[in-house]
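A closer look at the structure
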Amino acid sequence: DSIKQRKLENEFLGFLHPEVSPHMSDILVTEAMADLDKNSDGKLNITEYVFNMFGDTKNVNEWELASAEFRRYRDTNGDGFIDKKELKAWLLPENYDQHQAEAEHLIQGSDTNMDKMLSVDEALNRYSMFVSSHATNFGEDLKISHDEL
């Protein structure tokens, strides 16, 4: 209870969804760093990044892809590590709309004729993509009848 009113309002939301609660962002980043930082030096090196992205891979293509991503998008200050500031930018990007991103992902993956609209056939042909999507609550929302449709 941050304002001593004997009830949890914003605090409970922050507990359930720390990614949308500014007062929880430092805790989220600290916990993520603790999980990802295998050698406990307070920063992520390229090996830790690859391990966390691809597992214990020996695949040269995955290493090359991860190394390029690491240098281009994650290690923004160029020191060879991801520090807490860079990790925060990765985990909690500004001006990112997860709903828009998921919608674009579903359309891009299903729109076979590239008209930026989905037909019933295109959606049904990629049914597994929709069932595994957060946008459909991992398929649960597809089981509900919607009058507005």
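Cut-offs applied
Residues numbered from 1 in each chain as written. Predicted model: local features only at pLDDT ≥ 70, side-chain atom pairs only at ≥ 80, totals over all residues. Heavy atoms only, no water. Core = buried A, V, L, I, M, F, W, Y, C linked by side-chain atoms within 4.5 Å. Buried < 20%, exposed > 50% of the residue type's maximum accessible area, 1.4 Å probe, protein only. Helix = DSSP H or I, 4+ residues; strand = E, 2+ residues; numbered from the N terminus. Contact = heavy atoms within 4.5 Å. Polar contact = N/O pair within 3.5 Å; in protein donor to acceptor, adjacent residues only side chain to side chain. pLDDT = per-residue confidence, 0-100.

1. A look at the nonpolar core
Membership of the largest hydrophobic core is limited to 12 residues, which are Val 29, Ala 32, Met 33, Leu 36, Leu 44, Tyr 49, Val 50, Ala 66, Phe 70, Ile 82, Leu 87 and Leu 92. For this core, the secondary structure elements donating two or more residues are α2 (25–36), α3 (46–54) and α4 (60–74). For this core, the element with the most residues is α2, which contributes four residues. Once residues lying within four places of it in the same chain are set aside, the contact partners of Ile 82 are Met 33, Lys 43, Leu 44, Tyr 49, Phe 70, Arg 74, Leu 87 and Trp 90.

2. Observations regarding α3
Of the positions making up α3, those classed as buried are Glu 48, Tyr 49 and Val 50. Tucked inside the fold, the buried residues of α3 contact α2, α4 and α5 (84–91). Near the N-terminus of α3, the side chain that reaches the backbone nitrogen of Thr 47, with its oxygen 3.0 Å away, is that of Asn 45. With its phi angle positive at about 80 degrees, Gly 55 sits one or two positions after the end of α3.

3. Looking at the confidence of the model for the chain
Across the chain, pLDDT averages 83, with 81% of residues at or above 70. Per-element mean pLDDT across the chain ranges from 67 in helix α1 (residues 10–16) up to 93 in α5.

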